[in-house]
Amino acid sequence: MKLSARGRCAAWLSPVLVGLALRAMAVEQTVKNDSIVEGGPAVIVGDFVSGEIAAARLTSPCNGTIVAVQILWLEGTPGHPPSLESAIYIWQGNTFPAPGAELAFLEGPVLTPGYWNEYRYLDEAQTIPLQVPVVAGQQFYVGLQFYNPTDVGNGGPSVVRDVDGCQSGKNSLYAIPGGWLNFCIFLTGDLAIRAVVDCPGPTGACCHASGLCENGIEQQHCQGFGDVWTQGQTCAQVSCIPRGACCRAGGCLQLVQQAQCEAIGGVYAGNGTNCNDQVCVAGACCIPATGECLQKFEFQCLAMGGTFLGPGVSCGPPNPCPQPTGACCFGTLCIADQTQANCTGAGGEWAGAGSDCADHNGNGIPDACDSGPAVCTGDLNCDGWVSFADINAFVLYMVNFAAWQSGYGCNPANGDINGDGTYPSFTDINPFVALMGTPGLPLECP
């Protein structure tokens, strides 16, 4: 390295912080050795040859994370293009002037003259954020390795130092030849190479409007709807009372306790609910089993098992709710999946919601339209009584159903002892035996 004796003194231009946007509630601290301020003096340092490194030894202010590095890059005469240099390194700083182990590597930084150049990513596509964990008091180096030789004497750009003295053990140089050296041998100021450390803010208890509480939360992470943050407290030390929207005539009240809402004649919409979500605007609520439409709040509709069509949707007329379907009977002719209105409008008899055209007893007539003999469970000899006299008929019913049908004229459903809608079935044998042991036999059919 050939140090220029003509390192130029230049005022720091009004900076553009590349990639540096103020983050709401971020607890980021800029770690630096230099004393350069906007509009103040700074000296451009030269001259470096390819492969040399200028490094600042910095100290972390907290247990946190290095999330960015900053390098002030100035030119003596204007008009120089951005410079593509070799790399930026972050190393352990427990030794001096040679650094320790490598902590991060940023390849190919581009430095624009006249600005603080900031780097928050390890890759050119800016998809891998710079994140290096550090503890309070930990020393580390940030070093820029040059690819392009600098020419400060002719107004070329380079790194910068301040003008109020070089602090011992803070500035390091990798020279060719010579290796790692104390840069203060050559400088009379500290290098303007900085780091940004994200330091955790104070924590506390975060009470959510739902009534849930979280411990050890920073304030910036406790800013949701209705959140209340108490610094330095734990959930055991605070009282998190659930609050929500209160629906009442004339509108909606925010963040009201349930007891308070009900005391003023309101309807509580639930813990953590928000008036801005239109929870207190009624709408059409469809009851699936009946197709009925009711004007309800969404939370009321869902509690009833209904389907909410949206705030402000009217129940009509016409009724906006889908109507249930079932079997429609024209005598013994059955048509499935018909609404009641369609069935009766066509002169049919609707068998009810969810009914079908199945023929479980095998008599050729769908159950929904089968108006045969009334069911008397257990009366298999069709004498109008449930008694021991039904045993032989039940055996025939089980082993030769066709013979039983031709010999008896009562409803085959009488043999569906377990009531599962399937008959004849061996699953009815044990229930029939139990029925025969019922006290009070014989029993007359209704």
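Along each chain, the written sequence defines residue order, and numbers are assigned to residues from 1. A pLDDT threshold of at least 70 governs which residues receive local features in this predicted model, and a stricter bar of 80 or more applies before side-chain atom pairs are shown or counted, although totals over entire chains, interfaces and linings include all residues. With hydrogens and water stripped out, all remaining heavy atoms of the structure feed into the side-chain values.

Comments concerning the overall build of the protein chain
Step number 1: Each helix is a run of DSSP H or I of at least 4 residues and each strand a run of E of at least 2, with the numbering of both proceeding from the N terminus. When helices and strands are counted, the protein chain shows six helices and 30 strands.
Step number 2: With respect to the principal axes defined by its C-alpha atoms, the protein chain has extents near 125 × 55 × 50 Å.
Step number 3: When burial is assessed residue by residue, the protein chain has 42% of its 446 residues classed as buried.
Step number 4: We call two residues in contact whenever any of their non-hydrogen atoms come within 4.5 Å of each other. Considering only contacts within the protein chain whose residues lie at least 6 apart along the sequence, 66% involve residues at least 24 apart.
Step number 5: The convention is simple: Lys and Arg are positive, Asp and Glu are negative, and His and the chain ends are not counted. To locate a charge, take atom NZ for lysine, CZ for arginine, CG for aspartate or CD for glutamate. Positive and negative side-chain charges in the protein chain, numbering 13 and 37 respectively, have mean positions lying 33 Å apart. Between buried and exposed lies partly exposed: a residue is buried under 20% and exposed over 50% of the maximum accessible area for its type, with that area taken using a 1.4 Å probe on protein chains only.

Focus on the packing of aromatic side chains
How two aromatic rings sit relative to each other is given by the distance of their centres and the angle of their planes.
Step number 1: Aromatic rings from Phe, Tyr and Trp, with only the six-membered ring used for Trp, were paired whenever their centres fell within 6.5 Å, and each pair was classed as stacked if the ring planes differed by under 30 degrees, edge-to-face if by over 60, and tilted otherwise. Within the structure shown, the criterion is met by 15 aromatic pairs.
Step number 2: Taken together, the aromatic side chains of Phe394, Tyr397, Phe401, Trp404, Tyr408 and Phe432 make up a single cluster linked through ring pairs.

Quick notes on the pattern of salt bridges
Step number 1: Note on definitions: salt bridges are taken to be side-chain nitrogens of Lys or Arg within 4 Å of carboxyl oxygens of Asp or Glu. Inspection of the entire model under this criterion finds three salt bridges.
Step number 2: Here Arg120 and Glu28 are joined by a salt bridge, their closest N and O atoms 2.9 Å apart. In this pair, Arg120 sits in the loop between strand S10 (115-119) and strand S11 (132-134) while Glu28 sits in strand S2 (residues 28-31), placing the two residues 92 residues apart along the sequence.
Step number 3: The exposure class of Arg120 is buried, given its relative accessible area of 10%.
Step number 4: Classification of Glu28 by relative accessible area gives partly exposed; the value is 27%.
Step number 5: Within this structure, Glu28, Glu118 and Arg120 form a network of salt bridges that share partners.

What about helix H6 (residues 429-436)?
Step number 1: Here H6 has its buried residues at Phe432, Leu435 and Met436. Viewed along the axis of H6, the buried residues span an arc of 100°, placing them on a single side of the element. Facing away from the buried surface of H6 by more than 90 degrees, the exposed residues are Asn430, Val433 and Ala434.
Step number 2: Of the surrounding secondary structure, the elements contacted by the buried residues of H6 are strand S29 (385-386) and helix H4 (391-399). The directions from the helix axis to the C-beta atoms form the arc being described.

Quick look at the side chain of Asn381
Step number 1: Checked against the element boundaries, Asn381 lands in the loop between strand S28 (349-350) and S29.
Step number 2: Overall, the relative accessible area of 19% leaves Asn381 in the buried class.
Step number 3: Polar contact criterion, stated in full: a pair of N or O atoms within 3.5 Å, where within protein one must be able to donate a hydrogen and the other to accept it, and residues adjacent in sequence count only if both atoms are side-chain atoms. Of the polar contacts made by the side chain of Asn381, one reaches the side chain of Asp383; its length is 3.2 Å.
Step number 4: From its side chain, Asn381 meets the backbone oxygen of Ala389 in a polar contact 3.5 Å long.
Step number 5: With near-sequence residues (within four places) excluded, Asn381 lies in contact with Ala389, Asp390, Ala393 and Tyr408.

Considerations on the state of the cysteines
Step number 1: Working definition: a disulfide is two cysteine sulfur atoms within 2.5 Å of each other. Counted by the stated rule, this structure contains 16 disulfides.
Step number 2: Through a disulfide, Cys213 is tied to Cys235; the S-S separation comes to 2.0 Å. Its S-S torsion of approximately -90° makes the covalent link between Cys213 and Cys235 left-handed. Placement of Cys213 in strand S18 (residues 213-218) and of Cys235 in the loop between strand S19 (228-231) and strand S20 (244-248) is noted, with a sequence separation of 22 residues between them.
Step number 3: Judged by relative accessible area, Cys213 falls into the partly exposed class, the value being 26%.
Step number 4: Put simply, Cys328 and Cys343 are joined by a disulfide, and their sulfur atoms are 2.0 Å apart. Taking the sign of the S-S torsion, about 85° here, the bridge from Cys328 to Cys343 comes out right-handed. Taken as a pair, Cys328 in strand S26 (residues 325-330) and Cys343 in helix H3 (residues 340-345) lie far apart in primary sequence, 15 residues in all. Each member of the pair Cys328 and Cys343 is classed as buried.

So, the packing of H4 against H6
Step number 1: To get an axis, fit a line to the C-alpha atoms, keeping to the stretch in contact for a helix; angles then go from 0 to 180 degrees between the N-to-C directions. The interhelical angle for the contact between H4 and H6, taken along N-to-C directions, is 175°, at an axis separation of 12 Å. As judged from the angle between their axes, H4 and H6 are roughly antiparallel. Contacts between H4 and H6 pair Ile391, Phe394 and Met398 from the former with Ile429, Phe432 and Met436 from the latter.
Step number 2: Class assignment for the residues of the contact of H4 with H6 results in six nonpolar, no polar and no charged. Small angles under 35 degrees read as roughly parallel and large ones over 145 as roughly antiparallel, with 65 to 115 read as roughly perpendicular and the rest as oblique. Put simply, Ala, Val, Leu, Ile, Met, Phe, Trp, Tyr, Cys and Pro go in the nonpolar bin, Asp, Glu, Lys and Arg in the charged bin, and everything else, Gly too, in the polar bin.

A word on the nonpolar core
Step number 1: Here the nonpolar core consists of buried residues drawn from Ala, Val, Leu, Ile, Met, Phe, Trp, Tyr and Cys, with membership extended through side-chain atoms lying within 4.5 Å. Counting 34 residues, the largest nonpolar core has Ile66, Ile90, Val142 and Val159 as the members making the most contacts within it.
Step number 2: Where this core is concerned, the elements lending two or more residues are strand S4 (53-59), strand S5 (64-73), strand S7 (87-92), strand S8 (102-107), S11, strand S12 (139-145), strand S14 (171-175) and strand S16 (193-198).
Step number 3: Ranked by the residues each element gives to this core, the list is headed by S5, at four residues.
Step number 4: Those residues within four positions of Val159 in sequence are excluded, and the remaining contacts are Val43, Ile44, Val45, Phe48, Ala54, Ile71, Leu72, Trp73, Leu144, Phe146 and Leu191.
Step number 5: Judged by nonpolar contacts, the second largest core, of 18 residues, contains Leu380, Val386, Ala393 and Leu441.

Here we look at the sheet that holds strand S21 (residues 251-256)
Step number 1: With antiparallel pairing, the three strands of this open sheet are ordered in space as S21-S20-S22. The two strands at the open ends of the sheet, each matched to only one other strand, are S21 and strand S22 (267-271). Between one strand and the next, the sheet's axes are offset by a mean angle of 20°, whatever the strand orientation.
Step number 2: At least two DSSP bridges between two strands are needed for those strands to be called paired. Direction of pairing for S20 relative to S21: antiparallel, over a ladder of four bridges. Of the residues in S21, the one forming a bridge with Gly244 is Val256.

Geometric values such as these leave the question of function open.
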